[in-house]
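Understanding the architecture of this molecule
Here's the letter readout for the chains.
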Amino acid sequence: MSEETVLKSDLWVEQGIFDLYDNMISETQVQIPDVLHRLAEVLCQHLNAERATIFLIDKATDEMESAAFIGNVSRSIRIAIKNKSLAGFCALSGRDFVVPDAYGDLSCIDLRLSFDRTWDEINQFRTRD
């Protein structure tokens, strides 16, 4: 990706977030779930992704719960914060990363990382990257 493409992409995300902010301040009552869903849409478009999920961390249970999602998720998602899922590992390590093949070898990110196929099976979907 060229530097010009990255800059245009960054501007697009900034514009999407500014539009989200404008919508929030123009409404008399802001609903957090609506804001999170719109943010998921902006990020999904920016990343050219089919799906996106925003999780909130529940420190009492050491789990994450889906707060907003894009895609045909059939119910709320709860994931343990451990290295048994990509999202759980991301929360545990505090790192973001790109996965070229979720079902492939993830040792280049971390030797302990594995992919949990449970949600793919429940939602009849195959996570690619």
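Residues numbered from 1 in each chain as written. Predicted model: local features only at pLDDT ≥ 70, side-chain atom pairs only at ≥ 80, totals over all residues. Heavy atoms only, no water.

**Here's the deal with the sheet that holds strand E1 (residues 52-58)**
With respect to topology, three strands assemble into an open sheet ordered E1-E2-E3, the strand pairing being antiparallel. Since the sheet does not close on itself, it has two edges, and those belong to E1 and strand E3 (78-80), each with one partner. The sheet shows a mean angle of 35° between the axes of neighbouring strands, taken without regard to direction. Sheet topology note: the E1/strand E2 (residues 63-70) ladder contains seven bridges and is antiparallel. Considered in E2, the bridge of Asp 58 is made with Glu 63. Contacts from helix H2 (residues 32-47) reach E1 and E2 within the one sheet, and its direction differs from that of E2 by about 70°. (Pairing = 2+ DSSP bridges. Helix = DSSP H or I, 4+ residues; strand = E, 2+ residues; numbered from the N terminus. Axes fitted to C-alpha atoms, helices over the stretch in contact; angles between N-to-C directions. Contact = heavy atoms within 4.5 Å.)

**Let's talk about the pattern of salt bridges**
Under the definition given, this model contains six salt bridges. Close ionic contact of Glu 50 with Arg 128 constitutes a salt bridge, the shortest N to O distance being 1.7 Å. Of this pair, Glu 50 sits in the loop between H2 and E1 while Arg 128 is found in the segment after helix H4 (118-123), placing the two residues 78 residues apart along the sequence. Note on Glu 50: relative accessible area 49%, which makes it partly exposed. Glu 63 is the partner of Arg 78 in a salt bridge, and the nearest nitrogen-oxygen pair spans 2.8 Å. Remark: Glu 63 occurs in strand E2 and Arg 78 occurs in strand E3; sequence separation between them is 15 residues. Given the relative accessible area of 23%, Glu 63 is considered partly exposed. Several salt bridges converge on common partners, so that one network encompasses Asp 58, Glu 63, Glu 65 and Arg 78. (Salt bridge = Lys/Arg side-chain N within 4 Å of Asp/Glu carboxyl O. Buried < 20%, exposed > 50% of the residue type's maximum accessible area, 1.4 Å probe, protein only.)

**Concerning the nonpolar core**
Grouped together as the largest cluster of nonpolar side chains are eight residues: Leu 86, Phe 89, Val 99, Ala 102, Leu 106, Ile 109, Leu 113 and Phe 115. Not counting residues within four places of it along the chain, the set of residues in contact with Phe 115 comprises Lys 84, Leu 86, Ala 102, Tyr 103, Leu 106, Asp 120 and Thr 127. (Core = buried A, V, L, I, M, F, W, Y, C linked by side-chain atoms within 4.5 Å.)

**Points about the confidence of the model for the protein chain**
Detailed reading of the predicted coordinates is not advisable wherever pLDDT is low. When pLDDT is averaged across the protein chain, the result is 81; 84% of the residues are at 70 or more. No element of the protein chain has a lower mean pLDDT than helix H1 (residues 3-26), which averages 61, and none a higher one than E1, which averages 91. (pLDDT = per-residue confidence, 0-100.)

**Brief notes about H2**
Taking 1.5 Å per residue as the helical rise, H2 with its 16 residues ought to reach 22 Å, and the 22 Å between its terminal C-alpha atoms agrees with that figure. Immediately beyond the C-terminal end of H2, within one or two residues, lies Asn 48, with a positive phi of roughly 55°. (Expected span 1.5 Å × (residues − 1).)

**Observations regarding the packing of aromatic side chains**
Tallied over the entire structure, the rule returns two aromatic pairs. A cation over a ring is seen here: Arg 51 above Phe 125, with NZ or CZ 3.5 Å from the ring centre. Positioned over the ring face of Tyr 103 is Arg 126, at 4.0 Å from the centre of the ring. (Phe/Tyr/Trp six-rings, centres within 6.5 Å; stacked < 30°, edge-to-face > 60°. Lys NZ or Arg CZ within 6 Å of the ring centre and 35° of its normal.)

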